[in-house]
Amino acid sequence: MIAFWVLAPIMVLAALSILFVRKAVHAAMLLAVVMISLAVLYLVLEAPFLFAVQIIVYTGAIMMLFLFVLMLVGVDASDSVIETIRGQRILAMVGGLALGLTLVLGLAQISLGSVVGLGSVNEGGNIQAIANVLFSKYVFAFEVTSALLITAAMGAMVLAHRERLTPRKTQAVRAAERVAAYAESGEHLGPLPAPGVYARHNAVGTPALLPDGSVAEDSVSRVLAARGSVRRTIPRDVDELQRAIDHGPGSGVPASQDSPDGRSTSTGRAPGASTGPDTGSTPEGGE
Amino acid sequence: MAEGGHSVPLVDPTSADGVFSLMWLVIALPAAGAAVLLIGGALAPRAFASFGHLLGTLMPIGSFALSLAMFLQLQGRDEADRQVVQHLWTFIRVGELDAGFDLLYDPLTALFLLLITGVGSLIHVYSIGYMEHDPRRVRFFGYLNLFVAAMLVLIMSENYIGLFLGWEGVGLASYLLIGFWQHKHSAAAAAKKAFVINRVGDMGLSTAIMLAFVTFGSVSFTTISAGAGEAGEKTMTAMGLLLLLGACGKSAQVPLQAWLLDAMEGPTPVSALIHAATMVTAGVYLVVRSNFVFDYAPNAQTVVVIVATVTLLWGAVIGCAKDDIKKALAGSTMSQIGYMMLGAGLGPAGYAFAIFHLLTHGFFKANMFLGAGSVMHGMDDDVDMRHYGALRKAMPITFITFAMGYLAIIGFPGFSGFWSKDKIIETALAENWIVGVCALLGAGVTGFYMTRLMIMTFFGEKRWEKDVHPHESPSVMTFPLIVLAALSVVSGVLLLGGWIEHWLEPVTGVPDHHEPPIPALAVTGLAVLVVAAGVALAVALVARRPVPREAPTEVSFATRAARADIYGDAFNDQVIVEPGRALTTGLVRMDRSVVDGTFRAGVVLVGGIGALTRRAQNGYVRSYALSVLGGVLLVVLALLAVNLA
Amino acid sequence: MDSVTPFIVLSSILFTIGAIGVLTRRNAIVVFMCVELMLNACNLALVAFAHQYGNLDGQIAAFFVMVVAAAEVVVGLAIIMTIFRTRRSASVDDASLLKY
């Protein structure tokens with residue numbers, strides 16, 4: 001029971017936090033906390049098989065699925081907590097609290113009697129016991145479950161499938177289109193610039209610099225730009241670099257030492273710069 | 001007026017054999033003609049336009065030939081054996097009602113058959129010329145054949161159901177033919193008027209049939225005539241009055257007379273065939289055929305006599321004032337049918353003379369209507385007699401034949417009308433002197449208006465419209481005129497030796513003979529004198545003075561009343577149409593406000609509730625989830641309430 | 001305290017929190033997570049009752065709930081993806097065209 005009294009407040013807190021955190025990733029993390037705690041409670045309640053399944057299936061598979069979808073949906077899914085339906089939040093709170101109070105008060109009226117426990121049932125091992133029941137009494141439900149899973153898989157495939165409406169473009173067609181786009185709107189013919197090129201960092205969040213020192217916007221992912229995770233301090237870096245180059249010959253530091261120096265300064269400043277006022281100012285939810 | 005002494009003859013026919021087994025063909029020929037012309041004329045108009053009128057004319061001629069053969073056959077039979085019935089098929093069998101499609105051929109039917117098919121054939125021939133330039137001539141002949149077939153069903157049926165079928169059939173044909181020139185609004189309205197007023201009469205007839213079925217369990221003449229004596233006088237009186245209502249509608253008797261004058265909107269052959277010679281006399285036929293009803297209902301007979309007397313004067317007065325030649329003749333028709341009705345109302349003594357007058361009237365009135373049509377044909381379809389005058393030179397054949405009809409209708413001694421009308425007046429005087437005097441007076445008025453018509457049309461000055469060049473009609477039109485004129489002159493021979501009375505005895509029974517208050521010869525002399533007075537008055541008033549081309553408006557009250565059909569239409573409008581319209585308007589208003597209002601209010605209420613509640617369907621899935629949560633809360637509370645109570 | 005009542009109460013509380021989350025959060029994925037939370041709360045109750053009565057049926061039921069939840073997540077997330085692909089939004093309030 002100690003485990004219960006330790007875990008219960010954590011679970012309730014984590015669950016409540018799901019209601020208030022802004023980012024879906026955080027909500028997923030909090031849900032994982034609740035689920036793992038639940039798994040422990042299953043262990044307390046003499047259900048070791050469900051403990052394992054809870055960890056593997058729920059926390060391992062289902063939560064992964066959530067995270068994958070979050071990744072696909074991306075930053076656009078970032079949730080605003082401003083309520084749009086009038087009265088929805090208050091009514092939801094009132095209704096939810098009323099339900100919760102009713103359930104708790106209702107349960108308080110019931111005395112369940114002494115706990116029988118699963119000691120005798122689990123004598124030959126919990127998994128064997130479950131298998132005995134599952135493959136005898138519940139075998140039909142078990143088989144139907146397989147049909148359900150296949151149907152779900154088929155459904156997911158159908159939903160995710162996109163019918164190709166036009167024939168696949170050949171490389172020749174693509175090339176012709178790109179040249180045509182270049183002729184019409186002057187679109188860049190070649191591949192997009194890679195991030196970090198001509199820059200002091202090769203992280204994906206560091207935009208490439210054009211020969212004149214300006215930022216090549218195309219070189220970083222739009223999602224990163226929308227999330228505000230792009231390094232925006234390039235011009236200042238360039239100035240600093242210029243100064244370092246200017247000072248370099250003056251201080252008599254050999255060129256071979258310049259490189260570790262510069263890296264050390266940049267690593268020293270990069271965190272400061274990334275948390276500085278210039279970053280994170282881009283609006284979220286570009287859509 | 002029936003005396004209890006005589007015996008009412010029974011309808012007790014024998015089965016058809018010999019030429020009588022072809023009885024059905026009399027009806028089938030024109031019916032087939034109507035079907036072929038109406039369907040074929042619609043499918044192949046061009047092909048039928050070339051021969052449709054000939055086909056349509058051959059059909060009634062064929063029927064006439066058959067009728068003649070049957071008539072001769074019947075004459076050769078023993079007197080007690082002169083009723084023949086042919087069972088064709090079971091027409092209606094529902095519960096106790098068992099009406100066969102049975103045809104009855106007896107002396108009365110024989111005469112009617114000859115009249116309808118004979119005059120009908122002549123008028124078909126006449127129509128070939130009269131309708132020559134009408135693009136819908138095939139359809140016209142189809143309708144005429146339809147009429148003949150229906151009329152034959154009416155007079156040949158052995159039961160009231162078949163009679164009613166024919167009755168409605170002629171009503172339909174009459175409606176179609178009055179409104180034949182439906183592009184004229186007046187024609188369409190007249191057709192509708194005739195149809196609607198006839199429905200009133202039909203209501204009486206159909207109720208009479210139902211009463212007969214309730215009383216006798218059958219609608220067959222045979223059964224009813226056998227049981228009529230035991231049914232009680234009240235039932236018979238009710239049935240007689242209902243039959244009279246039907247007869248009034250079809251025969252344009254007061255109070256259902258208003259449609260006949262408007263019916264003159266139809267083509268003139270139609271007026272001659274349907275609205276003079278045959279269909280309008282169906283009421284007389286009905287009364288004579290139902291003699292076994294009326295003989296047991298003296299009160300109903302009295303009503304028939306009153307209606308007939310009123311009508312014969314009413315029609316005669318209207319005839320005096322009309323300037324439209326066809327309407328003057330239509331008034332005359334009303335009046336003459338009044339004479340027939342009078343004869344029919346007088347019981348066994350008058351039945352034969354009613355039928356006799358019906359036959360002679362069929363000849364001379366058809367003759368005059370066709371003559372009027374011939375005049376109109378020459379006068380570019382102008383019907384106003386004030387635009388005629390001096391036509392005897394321009395169309396001599398029409399004039400002479402018309403004159404024969406004229407002499408017949410006024411009862412010039414020796415002509416057919418003289419014999420037939422004189423007999424009715426004589427019988428009427430013998431039964432009731434007031435009625436007799438009225439009939440005598442009517443004869444004088446007849447002399448007046450017919451002389452006026454003759455003078456205005458054929459004598460005096462030319463008052464023709466410009467560009468009108470009267471000419472004689474083609475021989476296809478004058479031939480029927482000549483035949484009918486000849487019949488108008490000589491058909492009085494039917495009375496020779498009391499032939500027609502004797503011939504009809506199997507149907508109408510043997511009348512009691514009682515001496516008239518004044519000798520028959522004196523009555524005849526009196527009638528001739530009265531007619532001569534009427535003619536002299538007309539000569540004095542019309543021939544001695546120039547006829548104004550426009551009808552004078554400064555006239556006496558009597559003339560104005562007669563011009564307005566003695567306010568028959570005005571009466572109908574005021575007493576029936578206006579209250580009916582007010583009632584309908586009120587009902588419609590009530591329907592709109594109360595009945596519709598109730599429904600509309602319900603609709604508005606439901607709509608309002610819907611408009612309010614549909615706000616809940618705001619499209620937000622979270623709102624719906626909230627209501628689900630509310631439902632869960634309620635269920636949990638209910639469970640707790642049940643378990644913890 | 002020899003009873004599973006605290007587990008059941010915890011289960012109720014988690015269930016209520018999940019329900020409120022479904023009603024208040026607008027991100028479809030978070031709504032889905034809240035549904036999962038509610039399912040897990042039910043599972044806890046099932047397992048607790050299995051412990052209470054010494055019967056494995058509760059655990060079997062929880063097991064089936066997990067299977068169904070897995071299937072539901074697969075289809076649900078696919079639907080969310082499809083909606084996102086066409087509407088460029090994962091907000092449940094944006095898909096609100098079907099209304100009066």
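Keep in mind the model is a prediction, meaning the values are calculated, not measured.

**Some thoughts on the overall build of chain A**
Right, on to step 1. From N to C terminus, chain A includes ten helices and two strands.
Right, on to step 2. Overall, chain A shows an N-to-C arrangement of helices and strands of α-α-α-α-α-α-α-β-β-α-α-α.
Right, on to step 3. Among the 287 residues that make up chain A, the fraction classed as buried is 31%.
Right, on to step 4. For chain A, the share of sequence-separated contacts (at least 6 apart) that also reach a separation of at least 24 residues comes to 50%.
Right, on to step 5. Roughly 17,800 Å² of accessible area belongs to chain A as shown, and the carbon and sulfur atoms make up 66% of that amount.

**Here's the deal with the packing of helix H1 (residues 2–20) of chain A against helix H2 (residues 24–44) of chain A**
Residue and element names in this part refer to chain A.
Right, on to step 1. The geometry of H1 relative to H2 is characterised by a closest axis approach of 9 Å and an angle of 155° between their N-to-C directions. Here H2 runs roughly antiparallel to H1, going by the angle between their axes. Along this stretch, H1 crosses H2, giving a crossing that reads as left-handed. Contact with H1, carried on its side by Ala3, Phe4, Leu7, Ile10, Met11, Ala14, Ala15, Ser17 and Ile18, involves Ala27, Leu30, Leu31, Val33, Val34, Ser37, Leu38, Val40, Leu41 and Val44 of H2 and no other residues of that element.
Right, on to step 2. When the residues that make up the contact of H1 with H2 are grouped by side-chain class, the tally is 17 nonpolar, two polar and no charged.

**Some words on the interface of chain C and chain A**
Right, on to step 1. Contacts between the two partners involve 68 residues from chain C, matched on the other side by 85 residues from chain A.
Right, on to step 2. Buried area between chain C and chain A, summed over both chains or domains, comes out near 7,000 Å², and the portion from carbon and sulfur atoms is 75%.
Right, on to step 3. Looking at the side of chain C facing chain A, the largest losses of area belong to C:Arg25, C:Met33 and C:His51, adding up to 10% of the total buried there.
Right, on to step 4. Our enumeration of links across chain C and chain A arrives at one salt bridge.
Right, on to step 5. At the junction of chain C with chain A, the criterion picks out 18 residue pairs in polar contact (both at pLDDT 80 or more).
Right, on to step 6. Mapped onto the side of chain C that touches chain A, the elements with two or more residues apiece are helix H1 (5–24), helix H2 (28–53) and helix H3 (57–87) of chain C.
Right, on to step 7. It is H3(C) that contributes the most residues to the side of chain C that touches chain A, 22 residues altogether.
Right, on to step 8. Its residues assigned to classes, the side of chain C that touches chain A comprises 45 nonpolar, 15 polar and eight charged.

**Here's the deal with helix H15 (residues 348–378) of chain B**
All names here are of chain B.
Right, on to step 1. Its 31 residues place the ends of H15 45 Å apart at the C-alpha level, agreeing with the 45 Å of an ideal helix rising 1.5 Å per residue.
Right, on to step 2. Along H15, 30 of the 31 residues are buried, which leaves the element largely enclosed by surrounding structure.
Right, on to step 3. Where H15 ends, the next residue or the one after it, Asp380, has phi of about 55°, a positive value.

**Focus on helix H20 (residues 475–490) of chain B**
All names here are of chain B.
Right, on to step 1. In this model H20 runs 22 Å from its N-terminal to its C-terminal C-alpha over 16 residues, within 8% of the 22 Å that 1.5 Å per residue would give.
Right, on to step 2. Considered for burial, the residues of H20 that qualify are Met477, Thr478, Pro480, Leu481, Leu484, Ala485 and Ser488. Axial view of H20: buried residues confined to an arc of 155°, hence all on one face.
Right, on to step 3. As for H20, its buried residues are in contact with helix H3 (107–130), H15, helix H17 (396–410) and helix H18 (416–431).

**With respect to the side chain of B:Arg137**
Residue and element names in this part refer to chain B.
Right, on to step 1. Mapped onto the elements, Arg137 comes out in helix H4 (residues 137–156).
Right, on to step 2. One buried charged side chain, Arg137, makes no salt bridge at all; its nearest oppositely charged neighbour is Glu132, positioned 5.5 Å away.
Right, on to step 3. Apart from residues lying up to four places away in sequence, Arg137 is in contact with Ala49, His53, Ile128, Met131 and Glu132.

**Quick notes on a nonpolar patch on the surface**
Residue and element names in this part refer to chain B.
Right, on to step 1. On the surface, a nonpolar cluster with roughly 580 Å² of combined accessible area is contributed by Leu583, Leu587, Met590, Val594, Val595 and Phe599.
Right, on to step 2. For Val594, the location among the structural elements is in helix H24 (residues 568–613).
Right, on to step 3. For Val594, a relative accessible area of 45% puts it in the partly exposed group.

**Points about the UniProt feature "transmembrane region" (unreviewed entry) in chain C**
Residue and element names in this part refer to chain C.
Right, on to step 1. UniProt annotation of "transmembrane region" (unreviewed entry) refers to residues 6–23, 30–54 and 60–84 when read in the numbering used here.
Right, on to step 2. For residues 6–23, the helix share is 100%, the strand share is 0%, and the end-to-end C-alpha distance is 26 Å.
Right, on to step 3. End C-alpha atoms of residues 60–84 are separated by 36 Å, and the span's content is 100% helix alongside 0% strand.

**Comments concerning the pairing of strand S3 (residues 97–105) of chain B**
Right, on to step 1. Of all the nine residues making up S3(B), eight are buried; the element is thus mostly covered by neighbouring parts of the structure.
Right, on to step 2. Hairpin geometry of strand S2 (residues 84–94) of chain B and S3(B) is characterised by an intervening segment of two residues between the two adjacent antiparallel strands and by a positive phi of about 60° at B:Gly95.

**Quick notes on the interface of chain B and chain C**
It is common to give the size of an interface as the accessible area lost on bringing the parts into contact.
Right, on to step 1. Across the contact, twelve residues belong to chain B and 13 residues belong to chain C.
Right, on to step 2. Of the roughly 1,100 Å² buried between chain B and chain C on both sides combined, carbon and sulfur atoms contribute 62%.
Right, on to step 3. Looking only at chain B, the three residues that lose the most surface to chain C are B:Gly619, B:Tyr620 and B:Arg622, adding up to 49% of its buried area.
Right, on to step 4. C:Asp93 is the salt-bridge partner of B:Arg622, the closest N and O atoms lying 2.6 Å from each other.
Right, on to step 5. Broken down by class, the residue content of the side of chain B that touches chain C amounts to six nonpolar, three polar and three charged.

Conventions we followed
Note on numbering: residues in each chain are counted from 1, in written sequence order. Labels follow written order: the first chain is A, the first ligand is 1, and so on. Where totals are concerned, whole chains, interfaces and linings use all residues; where local detail is concerned, this predicted model gives features only for residues with pLDDT of at least 70, and gives and counts side-chain atom pairs only at 80 or more. With hydrogens and water set aside, each side-chain value is computed from the structure's full complement of heavy atoms. Only runs of H or I of at least four residues qualify as helices and only runs of E of at least two qualify as strands under DSSP, and these elements are numbered from the N terminus. Relative accessibility decides the category of a residue: with a 1.4 Å probe and only protein chains considered, values under 20% of the type maximum give buried, values over 50% give exposed, and everything between is partly exposed. Contacts: residue pairs with any heavy atoms within 4.5 Å of one another. The accessible surface values rely on the Shrake-Rupley method and a 1.4 Å probe; as for residues, cover is taken only from the protein chains in view. Axis geometry follows a simple rule: fit a line to the C-alpha atoms, using only the stretch in contact for helices, then measure angles between N-to-C directions, giving values from 0 to 180 degrees. With respect to orientation, any angle under 35 degrees is reported as roughly parallel, any angle over 145 as roughly antiparallel, any angle of 65 to 115 as roughly perpendicular, and every other angle as oblique. If you view the pair so one helix is near and one far, a crossing is left-handed when the near helix is turned anticlockwise from the far one by less than a right angle, and right-handed when it is turned clockwise. Side-chain classes follow a simple rule in which Ala, Val, Leu, Ile, Met, Phe, Trp, Tyr, Cys and Pro form the nonpolar group, Asp, Glu, Lys and Arg form the charged group, and the remainder, Gly included, forms the polar group. A simple way to read buried area is as the amount of 1.4 Å-probe accessible surface that goes missing from two parts once joined, with both sides added. Each salt bridge in this description consists of a side-chain nitrogen of Lys or Arg and a carboxyl oxygen of Asp or Glu lying within 4 Å of one another. What qualifies as a polar contact is a pair of N or O atoms within 3.5 Å, subject to a donor-acceptor requirement within protein and to the restriction that residues adjacent in sequence count only when both atoms come from side chains. How far a helix is expected to stretch is found by multiplying one less than its residue total by 1.5 Å. Along the arc lie the directions from the helix axis toward the C-beta atoms. Asp and Glu are treated as the negative residues and Lys and Arg as the positive ones, with His and the ends of the chain left uncounted. Here a patch means residues that are over 30% exposed by relative accessible area and free of salt bridges, tied together within 9 Å if like-charged and within 5 Å if nonpolar (Val, Leu, Ile, Met, Phe, Trp, Tyr). UniProt positions are given in the numbering used here, feature names are shortened, and annotations may be inferred rather than shown by experiment. Should DSSP find at least two bridges between two strands, the strands are regarded as paired.

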